[in-house]
Amino acid sequence: GEDVPGGLRHLPLKDMGIPTEEEMLALYRRYSGRASIPHWEYYLAAMLFRHAQISLGILARAQKGTASSEHAMMMGRRAWPQSKAAYDIARRIAG
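Residues numbered from 1 in each chain as written. Predicted model: local features only at pLDDT ≥ 70, side-chain atom pairs only at ≥ 80, totals over all residues. Heavy atoms only, no water.

Please explain the packing of aromatic side chains as it appears in this structure.
Within the structure shown, the criterion is met by one aromatic pair. Their ring planes at 75° and their centres at 5.6 Å tell us that Tyr 42 and Tyr 43 sit as a pair that is edge-to-face. By relative accessible area, Tyr 42 is classed as exposed at 53%. Under the relative-accessibility criterion, Tyr 43 is labelled partly exposed at 46%. (Phe/Tyr/Trp six-rings, centres within 6.5 Å; stacked < 30°, edge-to-face > 60°. Buried < 20%, exposed > 50% of the residue type's maximum accessible area, 1.4 Å probe, protein only.)

This is how it looks when you write it as structure tokens:
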């Protein structure tokens with residue numbers, strides 16, 4: 001997918017001890033005693049759409065000059081790649 005402004009793609013996640021999505025899901029299944037996580041991609045798409053909505057709100061406040069963070073414009077620019085990623089997942093699920 002696209003790079004998200006302020007995202008983690010450029011960081012050495014493995015060196016930082018941050019697990020991959022697959023590793024995190026395996027840990028979740030192990031500790032929850034579940035053999036699988038049904039509809040995982042649905043939850044992932046829903047989370048991304050939600051974060052895109054939040055990002056749009058931040059962007060609107062940044063554009064109005066009422067944002068409380070100096071990083072608001074960058075945070076708001078996350079909306080497009082987040083919503084595109086969510087849409088791509090939803091399309092893949094729908095077949």
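Looking at this model, I keep getting lost on unusual backbone geometry. Mind explaining?
Across residues other than glycine, the phi torsion is negative in most instances, and most of the peptide bonds are trans. Positive phi is not limited to glycine here, since His 39 has a value of about 65°. Here His 39 lies in the loop between helix H1 (21-32) and helix H2 (40-64). (Helix = DSSP H or I, 4+ residues; strand = E, 2+ residues; numbered from the N terminus.)

How do you make sense of a nonpolar patch on the surface when you look at a structure like this?
Side chains of Trp 40, Tyr 42, Tyr 43 and Ile 93 sit close together on the surface and give an oily, nonpolar patch of about 430 Å² of accessible area. If you tally residues by element for the nonpolar patch, the top one is H2, at three residues. Looking at the secondary structure, you find Trp 40 in helix H2. Assessed through its relative accessible area of 30%, Trp 40 is described here as partly exposed. (Patch = residues over 30% accessible without salt bridge, like charges linked within 9 Å, V, L, I, M, F, W, Y side chains within 5 Å. Areas by Shrake-Rupley, 256 points an atom, 1.4 Å probe, with all protein chains shown as cover. Salt bridge = Lys/Arg side-chain N within 4 Å of Asp/Glu carboxyl O.)

Please clarify how the side chain of Gln 82 should be interpreted in this entry.
Relative to the assigned elements, Gln 82 resides in helix H4 (residues 79-94). The exposure class assigned to Gln 82 is buried, which follows from its relative accessible area of 10%. At 2.9 Å, the side chain of Gln 82 forms a polar contact with the side chain of Ser 55. Beyond its immediate chain neighbours, meaning those up to four positions away, Gln 82 contacts Leu 48, His 51, Ala 52 and Ser 55. (Polar contact = N/O pair within 3.5 Å; in protein donor to acceptor, adjacent residues only side chain to side chain. Contact = heavy atoms within 4.5 Å.)

Shape descriptors only; they carry no functional weight alone.
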